Amino acid sequence: MRRRKPRYERDPLTEPPDVFGNVQGGITMTEHDAAAYPENDPRRHTARLHDMLTEVAEHAREDVLKIDEPKAQALFETTAEVCQGLATAFEHYDRQSEPAWQR
């Protein structure tokens, strides 16, 4: 099993605690941590989806280097960009960093 990288890094001196209560260091939410939340808590699902999207983006970028056909390379790179953008949206939701996500 591949070891997961931290979901994202944050600056503890300039950013407030996130919705997980972390005040310093990077967040390393894993599926095990996500399971600590009840089924109806969005954090349980945002953490998992963020990790899955990040993994797909990494896989697509790795595959770009394995193929020679330019159109397929463009498709894989586009896939990586879209997945990373969605993962960033989940990150912003978790941090409540965008006006649309603030309660």
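Procedures and definitions
Residues numbered from 1 in each chain as written. Predicted model: local features only at pLDDT ≥ 70, side-chain atom pairs only at ≥ 80, totals over all residues. Heavy atoms only, no water. Helix = DSSP H or I, 4+ residues; strand = E, 2+ residues; numbered from the N terminus. Expected span 1.5 Å × (residues − 1). Buried < 20%, exposed > 50% of the residue type's maximum accessible area, 1.4 Å probe, protein only. Axes fitted to C-alpha atoms, helices over the stretch in contact; angles between N-to-C directions. Parallel < 35°, antiparallel > 145°, perpendicular 65-115°, else oblique. Left-handed = near helix turned anticlockwise from the far one by under 90°. Nonpolar A, V, L, I, M, F, W, Y, C, P; charged D, E, K, R; others polar. Core = buried A, V, L, I, M, F, W, Y, C linked by side-chain atoms within 4.5 Å. Contact = heavy atoms within 4.5 Å. Polar contact = N/O pair within 3.5 Å; in protein donor to acceptor, adjacent residues only side chain to side chain. Salt bridge = Lys/Arg side-chain N within 4 Å of Asp/Glu carboxyl O.

## Thoughts on helix α2 (residues 42-64)
Each turn of an α-helix holds 3.6 residues, which means side chains three or four residues apart point in the same direction. Helix length check: α2 (23 residues) gives 33 Å between terminal C-alpha atoms against 33 Å at 1.5 Å per residue, within 8%. Regarding α2, the residues found buried are T46, A47, H50, D51, L53, T54, A57, A60, D63 and V64.

## Thoughts on the packing of α2 against helix α3 (residues 70-95)
The contact between α2 and α3 brings their axes to 8 Å, and the two run at 155 degrees. By the criterion of interaxial angle, the relationship of α2 to α3 is roughly antiparallel. Helix-helix and strand crossings are classified by hand; for α2 and α3 the assignment is left-handed. Taken together, the residues of the contact of α2 with α3 break down into 14 nonpolar, 6 polar and 6 charged.

## Re the nonpolar core
Nonpolar side chains in soluble globular proteins tend to end up buried together. Counting residues in hydrophobic clusters, the biggest one holds 6 residues: L53, A57, A60, A80, C83 and A87. Contributions of two or more residues to this core are made by α2 and α3. Other than its neighbours up to four places away in sequence, L53 contacts C83, L86, A87 and F90.

## Quick notes on the side chain of Q96
Position of Q96 among the secondary structure elements: in the segment after α3. Here Y93 takes part through its backbone oxygen, which lies 2.7 Å from a polar atom of the side chain of Q96.

## Re α3
For α3, with 26 residues, the first-to-last C-alpha span of 37 Å sits near the 38 Å given by 1.5 Å per residue. Its side-chain oxygen placed 3.0 Å from the backbone nitrogen of K71, E69 serves as the N-cap of α3. At the C-terminal side of α3, Q96 shows a positive phi close to 60 degrees.

## Some thoughts on the pattern of salt bridges
The final tally for this structure, using the stated rule, is 6 salt bridges. A salt bridge links E77 to R61; its shortest N-O distance comes to 3.0 Å. In this pair, E77 sits in helix α3 while R61 sits in helix α2, placing the two residues 16 residues apart along the sequence. Notably, a salt bridge pairs E81 with R61, separated by 2.4 Å at the nearest N-O pair. Placement of E81 in helix α3 and of R61 in helix α2 is noted, with a sequence separation of 20 residues between them. Note on R61: relative accessible area 30%, which makes it partly exposed.

So far we have only geometry, and geometry alone does not tell us how the molecule works.
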